[in-house]
Amino acid sequence: MKIGVLALQGAVAEHIRTLKQAGAEAVAVKKVEELRDLDGLVIPGGESTTIGKMMRKYGFMEALQQFAAEKKPIFGTCAGAILLAKEIVGQDEAHLGLMDITVERNAYGRQKDSFEVSLPIAGVAPDFPAVFIRAPYIVEVRGAGQVLAKYDNKIVAARDGQFLAAAFHPELTEDCRFHKYFLDMVKESRKDKAPV
Amino acid sequence: MVQVGTDRVKRGMAEMQKGGVIMDVVNAEQAKIAEAAGAVAVMALERVPSDIRAAGGVARMADLGIVEEVLKAVSIPVMAKARIGHFVEARVLESMGVDYLDESEVLTPADDLYHINKKEFTVPFVCGARDLGEALRRIGEGASMIRTKGEPGTGNIVEAVRHMRTMQSQIRKVQSMSYDELMAEAKTLGAPYDLLEYVHKNGKLPVVNFAAGGVATPSDAALMMHLGADGVFVGSGIFKSENPEKFARAIVEATTHYTDYELIARVSKGLGTPMTGIEISKIGDADRMQDRGW
């Protein structure tokens, strides 16, 4: 199982380390050609405005629509969740617009309000260390989407079919259970695509 | 239990900036240009380092009106500088909601003996360093991010290169040492023993390490990334160039794709003139910013 981590900006090395710890092969992806033989993709935390600009500039918008059309799973953390969302509060335009959720950027305030807390996450862990850094939250999950975790009555993790989003940073901890959950999604998606 | 201001939250903030460019700005308009060009954060200042150098006198924390204006103008993180040792300037900036503080040698030091005890703050700090010992001393005081000092406001990359090469070579040396040698090395470098032990085991600093002090072109930024920088600060290099918008965009792209030389060539074409540089030997001892702090 080979997972790519979008490496235009942000906490790339941390995701690669955690994916390897969870038992997958993990590579950094800087060019669209590098998406070709991947089974799944992680969009890391970083600055969503910066990563969004680079994605547009280097053809990732189209390439990732195609990647998603092939039913390959994508996992977005923090900025990654913003990039996946169909709607962003206060902005006319979304980025990838793949996942049927609405997110609000910097929803907890500035850096001095950043925090960590232990959270129960459905299907992942009863006590996951969640690190929130200038984090967004998910205002709404629509359609068949499923809420995986809430903090302070706000949605902070969700799944919509092949898409997984977290407002916090599982890659900043030594705990790889959330990444294992994503790898299980990738395994399922590969099973569905049984060899012809 | 909810915890704010932990090491993980403070160092994690810097991790999110990796592979990015942090730009000096002096007003809301420049901050918006930086954000539109793809900066991961802006540093709100009253004057960019080359103007501080030219103006002389005592350089202090920026006019808080400017800081407030920049905080309102952009959605990316905003950093600001406090004088070395001036913990009240730092507290004031923290209270305004600044996301990251730079205890900076670009400003005139307020304390010639002691740096700020940064562990007591909720917001993270970045500090400059010329070598491994200095980097680990600052981390020991609570810095969550390190940058090379370079020689700010010169547009001359040579000092940043020297500082990054020195740090990387010292890290490799410490990594290959036997355990028996570590305490003597801690004494030589003037570095806290536990942090040196971390470097020995992991072959890197426990925090993110950016390049700063002299970056003026896309190639300068890419060079620093090759030498091991996690990202780049550009001070005077953008808004003292002929075409700030183009320079900003080009430096952002060159930082991401630092191994793609054809791309760097493409983004570097037709940029106009970079900022005017200063030869380091022409700077008198009293004007060397990198020698401030210890």
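Residues numbered from 1 in each chain as written. Chains lettered and ligands numbered in written order. Predicted model: local features only at pLDDT ≥ 70, side-chain atom pairs only at ≥ 80, totals over all residues. Heavy atoms only, no water.

1. Concerning the overall build of chain B
- Assigned secondary structure in chain B consists of 13 helices and nine strands.
- Dimensions of chain B, computed from C-alpha atoms along their principal axes, come out at roughly 55 × 45 × 45 Å.
- Relative to its full complement of 294 residues, chain B shows a buried share of 60%.
- For chain B, the share of sequence-separated contacts (at least 6 apart) that also reach a separation of at least 24 residues comes to 67%.
- Within the structure as shown, chain B displays about 11300 Å² of accessible surface, and the carbon and sulfur contribution to it stands at 50%. (Helix = DSSP H or I, 4+ residues; strand = E, 2+ residues; numbered from the N terminus. Buried < 20%, exposed > 50% of the residue type's maximum accessible area, 1.4 Å probe, protein only. Contact = heavy atoms within 4.5 Å. Areas by Shrake-Rupley, 256 points an atom, 1.4 Å probe, with all protein chains shown as cover.)

2. Quick notes on the side chain of Thr77(A)
Residue and element names in this part refer to chain A.
- Among the secondary structure elements, Thr-77 is positioned in strand β4 (residues 74–77).
- Within the structure, the side chain of Thr-77 is placed 3.4 Å from the backbone nitrogen of Gly-45, a separation counted as a polar contact.
- Thr-77 has contacts with His-15, Ile-43, Pro-44, Gly-45, Ala-166, Phe-168, His-169, Pro-170 and Glu-171, leaving out every residue within four places of it along the chain. (Polar contact = N/O pair within 3.5 Å; in protein donor to acceptor, adjacent residues only side chain to side chain.)

3. Remarks on the sheet that holds strand β8 (residues 125–132) of chain A
- With respect to topology, three strands assemble into an open sheet ordered β8(A)-β7(A)-β1(B), the strand pairing being antiparallel. The sheet terminates laterally at β8 of chain A together with β1 (3–4) of chain B, the two strands that pair on one side only.
- Summarising the sheet, strand β7 (residues 115–121) of chain A and β1(B) pair through two bridges and their orientation is antiparallel. Bridged to Glu116(A) within β1(B) is Gln3(B).
- Of the strands in this sheet, β7 and β8 of chain A touch helix α5 (residues 177–192) of chain A, which is tilted by about 105 degrees from β8(A). (Pairing = 2+ DSSP bridges. Axes fitted to C-alpha atoms, helices over the stretch in contact; angles between N-to-C directions.)

4. Examining the interface of chain B and chain A
- Each side of the interface is counted separately: chain B has 42 residues, and chain A has 37 residues.
- Note on chain B versus chain A: buried area summed over both sides is about 3100 Å², and carbon and sulfur give 53% of it.
- On the chain B side of the interface with chain A, the three residues burying the most area are Arg8(B), Val9(B) and Met16(B), jointly 23% of the side's total.
- The interface formed by chain B and chain A contains six salt bridges.
- There are 24 residue pairs in polar contact (both at pLDDT 80 or more) connecting chain B and chain A.
- Contributing elements (two or more residues each) for the side of chain B that touches chain A: β1, α1 (7–15), α2 (28–37), α5 (87–95) and α12 (244–256) of chain B.
- Of the residues assigned to the side of chain B that touches chain A, the class counts are 19 nonpolar, 14 polar and nine charged. (Buried area = accessible area lost by both parts, 1.4 Å probe. Salt bridge = Lys/Arg side-chain N within 4 Å of Asp/Glu carboxyl O. Nonpolar A, V, L, I, M, F, W, Y, C, P; charged D, E, K, R; others polar.)

5. Topic: the confidence of the model for chain B
- Scored by pLDDT, chain B comes out at a mean of 96, with 100% of its residues at no less than 70.
- For this predicted complex, the interface confidence reaches an ipTM of 0.94, while the overall pTM sits at 0.96. (pLDDT = per-residue confidence, 0-100.)

6. Some details on the pattern of salt bridges
All names here are of chain B.
- Enumeration according to the criterion identifies 34 salt bridges over all chains in this entry.
- The partner of Lys-118 in a salt bridge is Glu-103, with the nearest N and O atoms 2.7 Å apart. A residue pair is termed long-range when its members are at least 10 positions apart, and Lys-118 in the loop between β5 (100–104) and β6 (125–129) and Glu-103 in strand β5 qualify at 15 residues.
- Residue classification places Lys-118 among the buried positions, given a relative accessible area of 0%.
- The buried category is assigned to Glu-103, whose relative accessible area is 2%.
- Salt bridges linked by common partners bring Arg-130, Glu-134, Lys-149, Arg-288 and Asp-291 together as one network.

7. A word on the nonpolar core
- Core analysis: the largest hydrophobic core is formed by 88 residues, its most contacted members being Met55(A), Phe60(A) and Met224(B).
- With residues up to four places along the chain from it excluded, the contact list for Met55(A) reads Leu6(A), Leu8(A), Phe60(A), Met61(A), Leu64(A), Leu83(A) and Leu96(A).
- In terms of nonpolar packing, the next biggest core, distinct from the first, is built from 39 residues, Leu19(A), Val117(A), Ala130(A) and Tyr181(A) among them. (Core = buried A, V, L, I, M, F, W, Y, C linked by side-chain atoms within 4.5 Å.)

8. With respect to the pairing of strand β12 (residues 163–166) of chain A
Residues and elements named next belong to chain A.
- Residues Phe-163 and Ala-165 of β12 are buried on one face, and the alternating residues Leu-164 and Ala-166, pointing to the opposite face, are buried as well.
- As judged from the four bridges shared by β4 and β12, these two strands associate in the parallel manner. Pairing of Gly-76 across the sheet is with Ala-165, part of β12.
- With four bridges connecting them, strand β11 (residues 154–160) and β12 associate as antiparallel partners. Across the sheet, the residue bridging to Asp-160 is Phe-163, located in β12.
- Counting the residues in the hairpin turn of β11 and β12 gives two residues, including Gly-161, whose phi is positive at 60 degrees.

9. Details of helix α4 (residues 64–73) of chain B
Residue and element names in this part refer to chain B.
- Buried residues of α4: Ile-66, Val-67, Val-70, Leu-71 and Ala-73, and no others. Down the axis of α4, the buried side of the element spans an arc of 165 degrees, and every buried residue falls inside it.
- The distance from a side-chain oxygen at the start of α4 to the backbone nitrogen of Gly-65 is 2.7 Å, and the residue carrying that oxygen is Asp-63. (Arc of directions from axis to C-beta.)

10. Quick look at the sheet that holds β5(B)
Residue and element names in this part refer to chain B.
- Spatial strand order, β8-β7-β6-β5-β4-β3-β2-β9: eight strands in an open sheet with parallel pairing. What marks the edges here is a single partner per strand, and that holds for β8 (208–210) and β9 (232–234). Put simply, the sheet's adjacent strands are angled 30 degrees from each other on average, direction ignored.
- When β6 meets strand β7 (residues 145–148), the two strands line up parallel, connected through four bridges. Bridge pairing in β7 links Gly-128 to Arg-147.
- Running over the sheet, α2 touches β2 (21–25) and β3 (41–44) and is turned about 165 degrees from β2.
- Packing against the sheet, α4 makes contact with β2, β3 and β4 (78–83), and its axis sits at approximately 165 degrees to β3.

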